[in-house]
Amino acid sequence: QVQLVESGGGVVQPGGSLRLSCVATVRTFTPYIMAWYRQAPGKQRELVARMTKGGNTTYGESLQGRFTISRDNDKHMVYLQSSSLKPEDTAVYYCYADNGLVGVPPYWGQGIQVTVSS
């Protein structure tokens with residue numbers, strides 16, 4: 001099966017920046033939608049950013065301007081960059097991919113921890 005592998009997490013100071021990467025293990029996999037979600041302790045999973053194959057983007061509420069999603073279809077990768085991180089950005093971040101095909105479920109990465117703390 002297709003696997004999504006995240007990297008780039010860790011501990012960042014408030015106001016700092018971060019770049020997360022996600023790669024699909026099946027190199028022919030180029031889904032219609034790739035996205036990043038996050039789940040903070042005690043909170044529901046929420047959308048951070050989403051991008052279609054054609055480059056159209058959608059951001060979670062109040063997150064546009066602090067987070068930027070990008071993708072390289074030739075490398076089968078999607079990225080999430082953030083500037084001016086806040087403590088409330090602390091969460092497990094999940095890579096997501098969806099071909100939009102009937103009967104085919106989306107794929108999820110196993111998640112990567114991002115901690116924003118002094």
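In what follows, the accompanying structure is described. (Residues numbered from 1 in each chain as written. Predicted model: local features only at pLDDT ≥ 70, side-chain atom pairs only at ≥ 80, totals over all residues. Heavy atoms only, no water.)

## Brief notes about the overall build of the protein chain
Scanning the protein chain for helices and strands turns up 0 helices and 11 strands. Going from N to C terminus, the protein chain has its helices and strands arranged as β-β-β-β-β-β-β-β-β-β-β. The C-alpha atoms of the protein chain give a radius of gyration of 14 Å, which matches the 13 Å a tight globule of 118 residues would have. For the C-alpha atoms alone, the extent of the protein chain along its principal axes is close to 45 × 25 × 25 Å. The proportion of buried residues among the 118 residues of the protein chain is 42%. Summing over all exposed atoms, the protein chain offers an accessible surface of approximately 6700 Å²; the carbon and sulfur share of this is 46%. (Helix = DSSP H or I, 4+ residues; strand = E, 2+ residues; numbered from the N terminus. Rg over C-alpha atoms; globule rule 2.2 N^0.38 Å. Buried < 20%, exposed > 50% of the residue type's maximum accessible area, 1.4 Å probe, protein only. Areas by Shrake-Rupley, 256 points an atom, 1.4 Å probe, with all protein chains shown as cover.)

## Quick word on the packing of aromatic side chains
In this structure the tally under the stated criterion is 5 aromatic pairs. Here the aromatic rings of Tyr94 and Trp108 are separated by 6.4 Å at their centres, their planes lie at 85°, and the arrangement is edge-to-face. Of the two residues, Tyr94 is situated in strand S9 (residues 91–98) and Trp108 in strand S10 (residues 107–108); the sequence distance between them amounts to 14 residues. Overall, Tyr94 belongs to the buried group, its relative accessible area being 14%. Ring pairing ties together the aromatic residues Tyr37, Tyr94, Tyr96 and Trp108, which thus form one cluster. Across from the ring centre of Tyr94, 3.8 Å away, lies the NZ or CZ of Arg45, which sits over that ring. (Phe/Tyr/Trp six-rings, centres within 6.5 Å; stacked < 30°, edge-to-face > 60°. Lys NZ or Arg CZ within 6 Å of the ring centre and 35° of its normal.)

## Focus: the pairing of strand S4 (residues 33–39)
Among the 7 residues in S4, 6 count as buried, and that is most of the element. Summarising the sheet, S4 and strand S5 (residues 46–52) pair through 6 bridges and their orientation is antiparallel. Looking at the pairing, Trp36 lines up with Ala49 of S5. Between the antiparallel neighbours S4 and S5 lie 6 residues, among them Gly42 with a positive phi of about 75°. (Pairing = 2+ DSSP bridges.)

## A few points about the environment of Pro87
Mapping Pro87 onto the fold places it in the loop between strand S8 (77–82) and S9. Given a relative accessible area of 47%, Pro87 falls into the partly exposed group. Taking the C-alpha atoms as reference points, Pro87 and Thr115, 28 residues apart in sequence, are found 7.5 Å from one another. Not counting the four nearest positions on each side in its chain, Pro87 is found in contact with Pro14 and Val116. (Contact = heavy atoms within 4.5 Å.)

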